[in-house]
Amino acid sequence: MAMRETLTRLRYRFVPDHILGEILAKSWIDNAIPVAILILTLCVLGSMIPGLVAVGSLLGMSAQFGELLLVVMAMTIVMLAGGIDLSVGSVFALANFVTLALFNMLGWPILVVIPVAILCGALVGLVNGILIGYLRLRAFLTTLVTLIIVRSIVDMFILEYAVKVARPTTLSRIWDFISFKRVLGMPVALIVCLAIAILAHLTLTRLRPGWHIMAVGGSRRSAFNAGLPVRRTIAMTYVLSGMLAALAGVFYASRLNAAGSDTGVGLEVLALTAAVVGGNSLGGGRGSVFKAVLGAIIILILSNSLLRLSLPTGGTSAVLGFVLIAAVAIDVKWVKHRDKLQTSVYVSPTFLALGKAPETAEGSASPYALNNLLKDVELIGLGEIDGPEDPILDAAGNLYCGTRHGDIIRFFAPDFTSKEVFVHTGGHPLGLAFDRDGNLLACVAGMGLYRIGPDKKITRLSDQTNRSWLSVIDDSRMRLADDLDIAPDGRIFFSEATIRFDMSDWMVDALEARGNGRIICYDPSTGSTRTIMDKLRFPNGITMARDGESFFFAETWGCCVSRYWFAGARTGQREVVIPDLPGYPDNINRASDGGYWLAMVGMRTPIFDMALQNPGFRKRMVERVAPDEWLFPNMNYGCVIKFDENGRITDCLWDSRGTNHPMITSMREHEGWLYLGGVSNNRIGRYRIPGGDPTWTAHASYRGEAR
Amino acid sequence: MIHFMKGCAIAASVAMGVLASSGPLQAAPDDGLINESSAALKGKKVAFVPIAMGFDLTEAWAAGLKLDAQRFGYELTIRDPNWSVDAGAQAISQLISEQPDVIVVHPPEIQAYTRLIQQANAAGIPVITVSLKADANGDVFVGPDWYDLAVKETESMVKFCGKDSGKSGKIAVMQGVLTNPTSQYGIQAIEATLKDHPEIQIVSNQAADWDASKAHAIASTVIKANPDLCGFIGLWDNMDVGIAAAIKEAGKQGQIYIASSGGGNQVSACDNIESGNFSSYVSYDAKGQARDLMMAVRAILQNKPTTPGEHSVGLYTPLKVITKETMTADSCWKLEDVKKFGP
C-alpha cells in the first residue's frame, strides 16, 4: 500500500499532465495542424521525389510562390472578415490582360500601367464589397457571379486582342527588372509579396483596421453592437482582395507575358485550399497571415510535386480536391472540438496526502473545538455589497472593501451606514493594505497590484513578474493576485493564488491540488517585480511578523501556515508554523494581543482528503461529470482562529450554523472589534472581541515597528 | 618468391582486364563514331514538358524519347501540366533549377514560354521546341509550318466551295487556342489565301480551345445559323471530330466539307477520312516527328551548343494531304505500334 502510494506520488510529481491543457490553450496551437501537414507533406513527397527540398528546387518555385501567396492573402483577408472571394482568379486574369494590353499594345509607361491594373482589381473588389457589405448579398453567390462576369469580359477581350497584347512593342527597364532580375536570390515578385505579407501581418495584429476585420469576422453582430463600421470593413476586405489578386496578375504578366484564356482558371479553388489548409477558418475571425503563408507553401509544394509525379490526366485536380475537403473537415472539427478538448484535459489533478485533521468536536479539548461565538455579529452593508474579500479600516476608522463588481466601497465611520464607491478598479479587488502614507494598496484579481491614493488616484504598481523558462503558460502575467502586506523597508509581498485558473474558477484549483501559486515581491525603490517562491498550493493570506524580517503566509489547499524570512540572518528560509489545519486557511492579519488572526474559508472533510490522494478519481470525475456535480471542498462553515508567533492556537471563533458568516476569507481587528469579510458574502460582519484592546489599530501596530 | 607472386598477380589482373574490356569490343566493332556517340548520351538528363500527355501527338513523341532513353541510358523525365499554362511554366522554371542536359518543350502559346525558353538558354540549357513554334527559337524546332498547313487546307476548301462549285461559298473557321501558333499563323494563311477567292466568305471564326465538345457546340450553332454552309476549316483532328459530330447530327454529312489536320494517327485521321467524317486532312506525321525529335535530342546531347539558343535549327515536318483518293495503307500510323516498336 505504501509502495503504491509512493509510486502514485512519484508519477504525479514527475509526469507533467497539466502541460497538455496549457499547450491547447495557447493561441499558436491553431498553427500546429498546418505545420504538421507541412512536415508530413515534405516527408512523404520529399521521399518520393528526389531533390524536392533542395534549395535550387525551392528557388525555382519562388516566383510562383509570390503570386500564389498574394492571392492566398487576398482570400485570407476576406475570409477573416467572414466572407469568401471566388473572383480572385478572374481578377488575376483581368489584371494580367490589362497590364499586357496597356503596356504591349498601347505602349503606356509601366509605372502608369501597374497602378491602373491594380485599380481595375480594386474596382471589381469594390463591386463585390458594395454588393456584399452594403447590400448584404451572399458572398459566395455574389463573387461566383463576378467570377463569371469578369472571366467573360477577359475572354471577349482575348478573342479580340490576344495576339496583339502578347507582342511587346516597347521596352522598359523597370519592367525587365521586375520580370527577370533577382535581388538577394529572390525574384521581385517574392520580395514585394513578402513585404506585403509583413505589412498585412502588422495591420491585422497591431492596427485598428486589422482589429476591425478580425472583430467583424469573429462576430458580426457583436462588432456592430460595439459600434464598428461593419459594412465598410467588409467592403474594404473585398477591395483589398481585388488589389492583391490584381498585383499577382501583374507579376504573372511580367513572368510569362502571355494572355491565354486559361490564365487564373481554378486559382480561386487553389487559393481557398491553401487558406484553409493553412488553418484559416472558413467561418471568419480566426486566422493569420502566417497561416496563409503556411498554406501557400503546402499547396505550392503539393501541386508542384503532383506535377512531377506525372499523375494521369485529372489526377492533380482530384488530389487537390481531396486536400480541400480534408482541410475543411479538419477546420470544422477543430473549431468545434478544440474548446471541448481543452476543457476536458485542462484540469489535471495531482497527488496530495494531507496530515490528519485535528479534532473539532464541540466540547472536546481541541483548540479548534466548535462553538457558536459568531452567531450574533453586527452586519454592515447587508445586501448592498457583493464579495468583500478583505475588509480594512483606515486611520480615521472608515471601512473599505472590494466587491465583485470591481469597486472598492468605503463605509463611513462611525456607524458604517452610509457608503460610497471609493474607486472603480475593473477587476475584483481582493487583499487590501494601507501603507504609511495612507495609500490603499490592492491586489486586483485578473489585473495585478494597484495603489490608490487618498485622492482616489489609481496607480498600477505591477502587473507582470519574471517569466519562468519552463512554464508553458505565460506566467509573467498575473492572473489571480490575492493578498499582500508591506515590509518595513517598503517592499510589497503579495501572493498569486494560482497561475492556471482565473478568479471565476478559483475553486477548480482545489481539484488539482498542485502547487500552482506563488509569492511575488514588488520593490518600489527599483520598480522591479520578482517571484520569490513558487509551486505553492494556493498561497493566500500574507501578514508581516512583528520581527520586521519575516512574514506568515497561508496555503489554502495545503492547509498550512508557513513563515518566510526576507531579511536578517535567516533570509530566504521557510518554515511551516502550523502544519495541519482542520480547514482551508485564507487571510492572516495581526491581532491586538501579539498574535495573528487566521480566517478559514472552509473545513476539511475526510472524503475530500481521500479524493486528494486519488488523482485518477478526480480526473475521471472532471471528465465524466457535469461541473455542478463535482466534489469540491466544503465551504459552508465560518471559522476564525488566532495563533501566536510559535503557531500555537490561542483562540477559535465559529459560526457553526453558517448563516451569518459562512466562508470567511478575512478579518481585521480594529479598536476592539473584529471585522469579517467573505468573498461570496453580501455583508461585512462586526464582532466585539471580549477583552479586546479598544485602542489598538493595525496602523499603530505597523507604525510602532517602523519606528 | 615475393616478386614472382607479385608478377603473377599483375599478370592475372592484366589478363582479366583485357578479358573484361574485350567482351563488347568483340561484339560490335568500333567504326570510329558509334561508341563515342552512344557514350555521349549515357547518363544525360532529358526533360519533356508537353501541353498534356494522354493524346496521340505527345504520346507518340514520348514513345520515341522513351525508346532512346532505354537504348542509350539517358534519363527522361516527363512533367505533365495537363493543359495548364501556369503549371507548365512552373514545371519549366523548376527544370531550369534542376539543370538537365536538354529541355524539350511543347509550348501551348506563342508567348507563354518565350521568356522561360530564353531563361533556360541563358542558364546554359539547350531547348528543343516541338510542334508549336514559340517566339523564342531555342536550339531546335521540330514541327510543321503552320502557315503552309493552313494554306493547304484552304486550297482544298476552295476546290470544294469555290468558283463554279455551285455552292454558297460560306465557310466557317474553328480555331484552337487563339494565342497558339496554329491559330495565329493559320488564320493569317486562311485570310491570305482567300484574298484571291472573293466568292468565299468566312461566316464564323471562333475558338474552341482544342476542345471537341466546345467545337461541337459552336458548330451546331453555326450550322443552324447558316443552313447553306459549305464547309468548316478545322485546325486539329482531335477537336474537329466535334464539328463532324455536329454535321452528322444535322444530317448534312457529305454536304458540308470538313478540312482538318493533325498528326496522322490512324484513328484520328485515316479512319475519319474513310468514314467520311473528314473530307480532307493535312497530316504532319507525328510518327515522323517523333523520329525527328529523337534525332534532335541525340544531336544536342552529342554536340552541346557552347552558347545555347545562339544558333537555331528548324526541322520543319513535311506535310501530306490525305483524302479518300490519295489515302494508302501507310498514310497513317497506329499509336500502339509506335509505343511497341518505336517510330
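Calculation notes
- Residues numbered from 1 in each chain as written.
- Chains lettered and ligands numbered in written order.
- Predicted model: local features only at pLDDT ≥ 70, side-chain atom pairs only at ≥ 80, totals over all residues.
- Helix = DSSP H or I, 4+ residues; strand = E, 2+ residues; numbered from the N terminus.
- UniProt positions renumbered as here; feature names shortened; annotations may be inferred.
- pLDDT = per-residue confidence, 0-100.
- Contact = placed C-beta atoms within 7 Å.
- Pairing = 2+ DSSP bridges.
- Axes fitted to C-alpha atoms, helices over the stretch in contact; angles between N-to-C directions.
- Core = buried A, V, L, I, M, F, W, Y, C linked by C-beta atoms within 7 Å.
- Buried ≥ 20, exposed ≤ 12 C-beta atoms within 10 Å, placed from the backbone.
- Parallel < 35°, antiparallel > 145°, perpendicular 65-115°, else oblique.
- Left-handed = near helix turned anticlockwise from the far one by under 90°.
- Nonpolar A, V, L, I, M, F, W, Y, C, P; charged D, E, K, R; others polar.

Caption draft 1: Representation of unusual backbone geometry within the structure. Residue A:Pro414 is bonded to the preceding A:Ala413 through a cis peptide linkage, with omega at 0 degrees. When you line up the elements, A:Pro414 lands in the loop between strand 6 (407-411) and strand 7 (419-424). In this structure, A:Phe416 is a non-glycine residue whose phi angle is positive, near 60 degrees. Of note, A:Phe416 is situated in the loop between strand 6 and strand 7. Phi is positive for B:Trp83, close to 75 degrees, though the residue is something other than glycine. Take B:Trp83: it is sitting in the loop between strand 2 (75-78) and helix 4 (85-98).

Caption draft 2: Examining the UniProt feature "domain: Periplasmic binding protein" (unreviewed entry) in chain B more closely. Here the UniProt-annotated "domain: Periplasmic binding protein" (unreviewed entry) positions come out as residues 46-304 of chain B. Secondary structure content for residues 46-304 of chain B is 47% helix and 18% strand, and the end C-alpha separation is 13 Å.

Caption draft 3: Fine view of the confidence of the model for chain B. All names here are of chain B. When pLDDT is averaged across chain B, the result is 89; 92% of the residues are at 70 or more. Low pLDDT, under 50, characterises residues 11-25; the stretch is placed with 0 contacts to residues that sit more than four places away or in other chains. As scored by the predictor, the complex reaches a pTM of 0.72 and an ipTM of 0.73.

Caption draft 4: Summary view of the environment of A:Thr571. All names here are of chain A. Position of Thr571 relative to the elements: it lies in the loop between strand 18 (560-565) and strand 19 (574-578). Distance in space between the C-alpha atoms of Thr571 and Gly89 is 70 Å, their sequence separation being 482 residues. Apart from the residues lying within four places of it in its own chain, the contact partners of Thr571 are Trp565 and Phe566.

Caption draft 5: View of the pairing of strand 26 (residues 684-688) of chain A. Residues and elements named next belong to chain A. In terms of strand pairing, strand 3 (residues 378-380) meets strand 26 through 3 bridges, oriented antiparallel. Across the sheet, residue Glu378 finds its bridge partner in strand 26, namely Arg686. As paired strands, strand 25 (residues 673-677) and strand 26 are joined by 4 bridges and run antiparallel to one another. Residue pairing across strands places Leu676 opposite Gly685, the latter belonging to strand 26. Taken together, strand 25 and the strand that follows it, strand 26, pair antiparallel across an intervening segment of 6 residues.

Caption draft 6: Local environment of the sheet that holds strand 8 (residues 428-434) of chain A. Residue and element names in this part refer to chain A. Taken in spatial order, the 4 strands make up an open sheet running 8-9-10-11, and their pairing is antiparallel. Every other strand in the sheet has two partners, leaving strand 8 and strand 11 (458-462) as the edge strands with one partner each. Along the sheet, successive strands turn relative to each other by an average axial angle of 30 degrees, direction set aside.

Caption draft 7: How the structure looks around the interface of chain A and chain B. On the chain B side, the residues contacting the 27 residues of chain A number 30 residues. Breaking the side of chain A that touches chain B down by element, the ones donating at least two residues are helix 4 (55-60), helix 5 (62-80), helix 8 (139-165) and helix 15 (289-308) of chain A.

Caption draft 8: Spotlight on the nonpolar core. Within the largest apolar cluster, 205 residues are counted, with the highest numbers of intra-cluster contacts made by A:Val71 and B:Met174. Take this core: its biggest share by element is 18 residues, from helix 13 (residues 230-256) of chain A. Setting aside its immediate chain neighbours within four residues, B:Met174 contacts B:Gln206, B:Ala208, B:Ala215, B:Ile218, B:Ala219, B:Phe232, B:Ile233, B:Gly234, B:Leu235, B:Met239, B:Asp240 and B:Ile243. In this structure, A:Phe422, A:Cys443, A:Ala554 and A:Val640 belong to the second largest nonpolar core, which totals 99 residues.

Caption draft 9: Seen up close, the pairing of strand 12 (residues 481-486) of chain A. Among the 6 residues in strand 12 of chain A, 6 count as buried, and that is most of the element. Counted along the chain from strand 12 of chain A to the antiparallel partner strand 13 (residues 492-496) of chain A, the turn is 5 residues long, and its residue A:Gly490 has a positive phi close to 95 degrees.

Caption draft 10: Molecular detail of the packing of helix 6 (residues 146-161) of chain B against helix 7 (residues 181-195) of chain B. Residue and element names in this part refer to chain B. At a minimum axis separation of 8 Å, helix 6 and helix 7 run at an interaxial angle of 45 degrees. Viewed along their axes, helix 6 and helix 7 adopt a mutual orientation that is oblique. The element helix 6 and its partner helix 7 pack so that their crossing is right-handed. Here Trp146, Tyr147, Ala150, Val151, Thr154 and Glu155 of helix 6 come into contact with helix 7, specifically with Pro181, Thr182, Tyr185, Gly186, Gln188, Ala189, Ile190, Thr193 and Leu194. Partitioned by chemical class, the residues of the contact of helix 6 with helix 7 number 9 nonpolar, 5 polar and 1 charged.

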